[in-house]
Amino acid sequence: MPDTPDNDNCDLFPRNRQPTLRVVAMPADTNPAGHIFGGWIMSRMDNAGAVVAVEYANSRVVTVAVTSIEFHRPVFVGDLVSCFAKIEKVGKTSITVKIEVYAQRIQAEGTRCIKVTEAVIVYVAVNEDGTARQLPKRDPNFSSYL
Ligand SMILES: CC(C)(COP(=O)(O)OP(=O)(O)OC[C@H]1O[C@@H](n2cnc3c(N)ncnc32)[C@H](O)[C@@H]1OP(=O)(O)O)[C@@H](O)C(=O)NCCC(=O)NCCS
């Protein structure tokens, strides 16, 4: 089954991967149209990306750039939102993370799974004083364990 935003089939959910963060979208997170705020989703994605960046860096990290973000579909109240974060690139001090977000929506006819959002976010490992710090050397496969 192709992994595209247009495919609303439940099989789309990547069960072979560990979600980095899962949360249910609540009424307090809605915009005036009744959908979930884009900013709420971005915040969850930033959290998920930071989780894998911190694990890699073994230090504090800060977000330096959101290289891309695409909102494919709206998120609704009650959706179970799962963020999957994967390291794409590691530099001297920066870690580039791809975050994909899926919504599982329970309906009378069954649960639908929808790929709602994806982004690429860059984090920088920092020292206590907030200056960039060199990343540790790691097994090239380290990020695939996250
Ligand atoms: C992140 C920060 C410490 C970088 O400090 P700096 O001394 O200017 O660092 P550099 O310019 O050398 O960049 C550090 C790394 O980030 C990368 N980087 C910087 N700007 C980038 C951008 N716009 N897009 C992608 N990567 C970027 C650099 O390529 C470099 O990567 P490398 O070391 O792997 O080669 C500093 O910019 C900062 O504190 N920014 C504010 C962070 C923040 O408050 N975020 C929001 C809350 S978490």
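Before reading further, recall that the structure is shown in the block above.
1. A word on the site of the ligand
Right, so step 1: Inspection of the region around the ligand gives V62, T63, V64, A65, G91, K92, T93, S94, V122, V124 and G130 as its neighbouring residues.
Right, so step 2: Here an oxygen atom of the ligand sits 2.6 Å away from a polar atom, N or O, in the side chain of T93.
Right, so step 3: One of the side-chain N or O atoms of S94 is found 2.7 Å from an oxygen atom in the ligand.
Right, so step 4: Relative to its unbound accessible surface of 970 Å², the ligand loses 42% to contact with the protein.
Right, so step 5: By residue number, the principal contributor to the shell around the ligand is strand β2 (residues 60-71), which donates four residues.
Right, so step 6: A per-class count over the shell around the ligand returns five nonpolar, five polar and one charged.

2. Concerning the pairing of strand β5 (residues 110-126)
Right, so step 1: Counting buried residues in β5 gives 14 out of 17 residues, a clear majority hidden from the surface.
Right, so step 2: Here β2 runs beside β5; their pairing, made up of 10 bridges, is antiparallel. Looking across to β5, one finds that S68 is bridged to V120.
Right, so step 3: Note that strand β4 (residues 94-107) and β5 share 14 bridges and pair antiparallel. Opposite Q107, over in β5, you have G110 as the bridge partner.
Right, so step 4: Hairpin connection between β4 and β5: a loop of two residues separates the two successive antiparallel strands.

3. Thoughts on the environment of L135
Right, so step 1: Along the chain, L135 falls in the segment after β5.
Right, so step 2: When the C-alpha positions of L135 and Q107 are compared, they lie 45 Å apart, and in sequence the two are 28 residues distant.
Right, so step 3: Residues contacting L135, with those up to four places away along its chain left out, are Y56, A57, V90, G91, K92, T93, S94, I95 and A125.

Rules used throughout
Residues numbered from 1 in each chain as written. Predicted model: local features only at pLDDT ≥ 70, side-chain atom pairs only at ≥ 80, totals over all residues. Heavy atoms only, no water. Near = heavy atom within 4 Å. Polar contact = N/O pair within 3.5 Å; in protein donor to acceptor, adjacent residues only side chain to side chain. Areas by Shrake-Rupley, 256 points an atom, 1.4 Å probe, with all protein chains shown as cover. Helix = DSSP H or I, 4+ residues; strand = E, 2+ residues; numbered from the N terminus. Nonpolar A, V, L, I, M, F, W, Y, C, P; charged D, E, K, R; others polar. Buried < 20%, exposed > 50% of the residue type's maximum accessible area, 1.4 Å probe, protein only. Pairing = 2+ DSSP bridges. Contact = heavy atoms within 4.5 Å.

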